[in-house]
Amino acid sequence: MGGCISVSVSCDQFVNQFSQWLCVRKGYIHSLPENLAALQKAIEVLKTKHDDVKRRVDKEEFLGRRHRLSQVQVWLTNVVIIEKRFNDLFSNKEVEIERLCFCGFCSKSFGKSYHYGKMVSVMLKEVENLSSRGVFDVVTEENLVAQVEEMPIQSTVVGQETMLERVWNTLMKDGFKIMGLYGMGGVGKTTLLTQINNKFSEIDGRFDIVMWVVVSKTPEIYRIQGDIAKRLVNLELVGVPYPSRENGSIVVFTTRSRDVCGRMGVDDPMQVSCLEPKEAWDLFQNKVGENTLKSHSDIPELAKQVAEKCRGLPLALNVIGETMACKSTVQEWCHAIDVLTSSAGEFSGMEDEILPILKYSYDNLQREHVKSCFLYCSLFPEDYEIKKEELVDYWICEGFIDAKDGKERAINEGYGIIGTLVRTCLLMEEGWKKTEVKMHDVVREMALWISSDLKDQCIVRAGVGLHAVPEVKNWRAVRRMSLMKNELEKILGCPTCPQLTTLLLQKNHKLVNISGEFFRFMPNLVVLDLSWNSSLTGLPKQISELVSLRYLDLSYTNIERLPVGLQELKQLIHLNLESMKSLESIAGVSKLLSLKTLRLQKSKKALDVNSAKELQLLEHIEVLTIDIFSSLVLEHLLCSQRLAKSIQYVELIEVEEESFKILTFPSMCNIRRIGIWKCGMKEIKVEMRTSSCFSSLSKVFIGQCDGLKELTWLLFAPNLTYLDARFAEQLEDIISEEKAASVTDENASIIIPFQKLECLSLSDLPKLKSIYWSPLSFPRLSELAVQEHCPKLKKLPLNSNSGTAGVELVVKYGENKWLEGVEWEDKATELRFLATCKSLYR
């Protein structure tokens, strides 16, 4: 009816297997703390290996034409994956440890602890296995890529041939180099570098690879490590080895700022400048095209005028040339000239393609007051050379530079700002001593374009031939106005200008009248320049209503009397009355309670004792320029410590009183230039004999002072750069050995003169025997000129080591007979200087 199954099982076998199963599971739990510690240590070892391999791979890929092996990449990826799994697992460590009980032999939740313990144990084996496989003899293999990836460029590049050759030859000369190319926006730096890049394809085997990198304004270090550059960071920091003979590498970069070149370790960068007129014309013709230029016989001459407006800037030549390529009538070309002359910003392509590129340099200026200083320079006419000293004074009075800590500190800051603008190619230095700056015309248009977008309106009609003040729709919004260098004859009207701070009216030579009403409603005007208006003979009394005025320049006008209202300008700190050939009096100047700068040189009114006493009342005076014709006036000025310290330029002229035999200078640390003409003193002394006595003195002119026998006082002018002595019949020594010895005894130290002298000019000194009694180093002297009638000057303070500090020292002479009689220090000195001597009259 039914069935029965009989099963026989060994009890011992069952118990044994169950015990093993239970021990394994209890082992996962009991060994959990130990396994966690082992896993943590193993993962740290693995991460270290990963970092070492990754660094090695990156370096080999970065420095050569190589890429990582697939097995290496898989291993690196697996490490990253298991590291993430470990982090997830390890985050539950504390919870799982708290589950354990009975000394770790059991758990409050046996199933969970068993599962967690097993995962830890398995991962430990995986990590150990992966770590053992992380040993590689080779991690990369050669990557077959082109040596040079040529960059697209127009088929014909005009005007850069000379610069390209110069840069290329310099690069190839040493075989290793870091070179910086800097210049203003649009000048062709990128085009030049593109040509350099492509030129590398013409040489075989010289470099393993040539790479091109574009760096943004705010570069990311990891992207640049992949692209090989960084504009403002050390090469080593991004992994680029500094060029050396061993690695033979070259780094070439472009920038708009010379400062960047310095920070990149380039102390001799190459400036990419605008094209010369001929090169600019060639480029412009190329862009306009032969057909257009031949469409009318007058167009080539008109085209030259348009090209000149670009001032050699390739960007402007390209854009404007392309714009004019389709203009085939004389009228269209004449219109282009009119627009570029009066409002270049409205020219086709200017606002879209030229000005935004230039604006990048402006945007990179880090401080707002530096930007304001730059925009201020656009108030001057095209191609106008601005004196640095005057520009800084404008900035100080406008409030861009704070002068609360003294004029000298403010001036230093101003020159620092000029340096920044020059190094970023927003200004260009001009003049023999680089004492002026000017704006490239296209940069000026960019500045005017920026100003037009600001809420503070600027009216700039400088140097455009105006005969009347232009009509302005909203005088109330005008912040700055420049009508300088025009043909204005009268300035009439009564504009309401509550925001106006600067008004430039200088160099209107026909200007004869300014109505009093014109100044009535300008309560915030701080800068007023009326200089070089030679037809202007007076000012209205309403000038007293310019209650905020800080800067007033009346130099080179024919104003006869200062208006009574001038005394009411209590905020005035700068007053320039130089070269006012009709000025009768400076009475009332002492009422200008805030005055810090007063310039009086070369004005008609000779300073008398009363005027000197009035100057003594100026409590805040810091800068004074003055001519002196009387020993009494000189005495009054020099006895006032405040006035003596403030004198910056002084000329003593025809001071010949019998009582005036010895001129004794007090310490005058701010004086820059001294001229002494036709004076009767027998000796010049220094009251305080210290090296800082004339620490700012750079130029000295002495002429027709027949009583002087020596100029030993110049020992106390350590920064003297220019010395001119002439027509002094009794002068025997420039520096007298006897007098210098007495000075040395008093100071207990030897003073070596002329360490910064750049030019020494001597003429008509019949008794002059010595400049100095022994050879001097003259580290900066470039010209020693002995013009005429110095027959007794046989010995020059030169030896073969003089002038060898980098500046070529040339002896110039006016008479062959004098040169033939020179007694040189030795044969080496003779050979050196005779080879470079130059006649002054050839």
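What counts, and at which threshold
- Residues numbered from 1 in each chain as written.
- Predicted model: local features only at pLDDT ≥ 70, side-chain atom pairs only at ≥ 80, totals over all residues.
- Heavy atoms only, no water.
- Buried < 20%, exposed > 50% of the residue type's maximum accessible area, 1.4 Å probe, protein only.
- Helix = DSSP H or I, 4+ residues; strand = E, 2+ residues; numbered from the N terminus.
- Arc of directions from axis to C-beta.
- Patch = residues over 30% accessible without salt bridge, like charges linked within 9 Å, V, L, I, M, F, W, Y side chains within 5 Å.
- Areas by Shrake-Rupley, 256 points an atom, 1.4 Å probe, with all protein chains shown as cover.
- Salt bridge = Lys/Arg side-chain N within 4 Å of Asp/Glu carboxyl O.
- Lys, Arg positive; Asp, Glu negative; His and termini not counted.
- Charge placed at Lys NZ, Arg CZ, Asp CG, Glu CD.
- Core = buried A, V, L, I, M, F, W, Y, C linked by side-chain atoms within 4.5 Å.
- Contact = heavy atoms within 4.5 Å.
- Pairing = 2+ DSSP bridges.
- Axes fitted to C-alpha atoms, helices over the stretch in contact; angles between N-to-C directions.
- Phe/Tyr/Trp six-rings, centres within 6.5 Å; stacked < 30°, edge-to-face > 60°.
- Lys NZ or Arg CZ within 6 Å of the ring centre and 35° of its normal.
- Expected span 1.5 Å × (residues − 1).

Per an unreviewed UniProt entry, the recorded name for the protein chain is Leucine-rich repeat, and the organism is Arabidopsis thaliana x Arabidopsis arenosa.

(A) Up close: helix H12 (residues 299-309). The complete set of buried residues in H12 reads Ile299, Leu302, Ala303, Val306 and Ala307. Taken end-on, H12 shows its buried residues confined to a sector of 145°, consistent with a single buried face. At the C-terminal side of H12, arginine 311 shows a positive phi close to 50°.

(B) Representation of a negative patch on the surface within the structure. On the surface, Glu346, Glu351, Asp352, Glu353 and Asp453 cluster together into a negatively charged patch. Element by element, the count of residues in the negative patch is highest for helix H15 (residues 350-363), at 3 residues. Position of aspartate 453 among the secondary structure elements: in helix H19 (residues 441-453).

(C) Examining the nonpolar core more closely. Core analysis: the biggest nonpolar cluster contains 120 residues, and Leu528, Leu598, Leu615, Phe694 and Trp713 have the highest contact counts within it. Looking at this core element by element, the count peaks at 4 residues for helix H21 (residues 631-639). Leucine 528 has contacts with Leu503, Leu505, Phe519, Ile543, Leu546, Leu549, Tyr551, Leu552 and Asp553, leaving out every residue within four places of it along the chain. Core analysis: the second largest hydrophobic core is formed by 105 residues, Ile178, Met184, Met324 and Ile573 among them.

(D) Quick peek at the sheet that holds strand E6 (residues 250-255). Strand order in the open sheet formed by 3 strands is E6-E5-E7, with parallel pairing between adjacent strands. Two strands lie at the open edges of the sheet, namely E6 and strand E7 (270-271), each paired on one side alone. Strands strand E5 (177-182) and E6 of the sheet are contacted by helix H7 (residues 189-199), whose axis makes an angle of about 160° with E6.

(E) Main features of the pattern of salt bridges. According to the stated counting rule, one finds 35 salt bridges in the structure shown. A salt bridge links aspartate 402 to lysine 404, with the nearest nitrogen and oxygen atoms 4.0 Å apart. When its relative accessible area of 67% is taken as the criterion, lysine 404 is described as exposed. What emerges from the salt-bridge pattern is a single network uniting Lys54, Asp58 and Arg68.

(F) The sheet that holds strand E9 (residues 428-430), seen in detail. Here we have 3 strands laid out as an open sheet, ordered E8-E10-E9, and antiparallel in their pairing. Every interior strand has two partners, whereas the edge strands, strand E8 (386-387) and E9, have only one. In this structure, E8 lies alongside strand E10 (residues 436-438), joined through 2 bridges in antiparallel fashion. Bridge assignment links isoleucine 386 to a residue of E10, and that residue is valine 437.

(G) Spotlight on a positive patch on the surface. On the surface, Lys682, Lys709, Lys767, Lys769 and Lys792 cluster together into a patch of positive charge. Assignment of secondary structure puts lysine 767 in the loop between strand E27 (759-763) and strand E28 (783-786). Of the residues examined, lysine 767 reaches a relative accessible area of 32% and is grouped as partly exposed.

(H) Inspection of the packing of aromatic side chains at higher detail. Here the structure, examined in full by the defined rule, presents 19 aromatic pairs. Judged by centre distance (5.6 Å) and plane angle (75°), the rings of tryptophan 75 and phenylalanine 136 are edge-to-face. Pair noted here: tryptophan 75 is in helix H3 (residues 70-90) and phenylalanine 136 is in the loop between helix H5 (110-132) and strand E4 (140-142), with a separation of 61 residues, a long-range link. Each member of the pair, tryptophan 75 as well as phenylalanine 136, carries the same accessibility label: buried. These aromatic residues form a ring-pair network of at least three members: Tyr376, Phe380, Tyr384, Tyr394, Phe400 and Tyr551. Positioned above the aromatic ring of tryptophan 168, the side-chain terminus of lysine 199 is 5.4 Å from the ring centre. Above the face of the tyrosine 649 ring, arginine 673 is positioned so that its terminal group lies 4.3 Å from the ring centre.

(I) Just helix H14 (residues 330-342), in detail. Helix length check: H14, at 13 residues, gives a terminal C-alpha distance of 19 Å against a target of 18 Å (1.5 Å per residue), a fit within 8%. Where H14 is buried, its residues touch helix H10 (277-288), helix H11 (290-293), H12, helix H13 (314-324) and H15.

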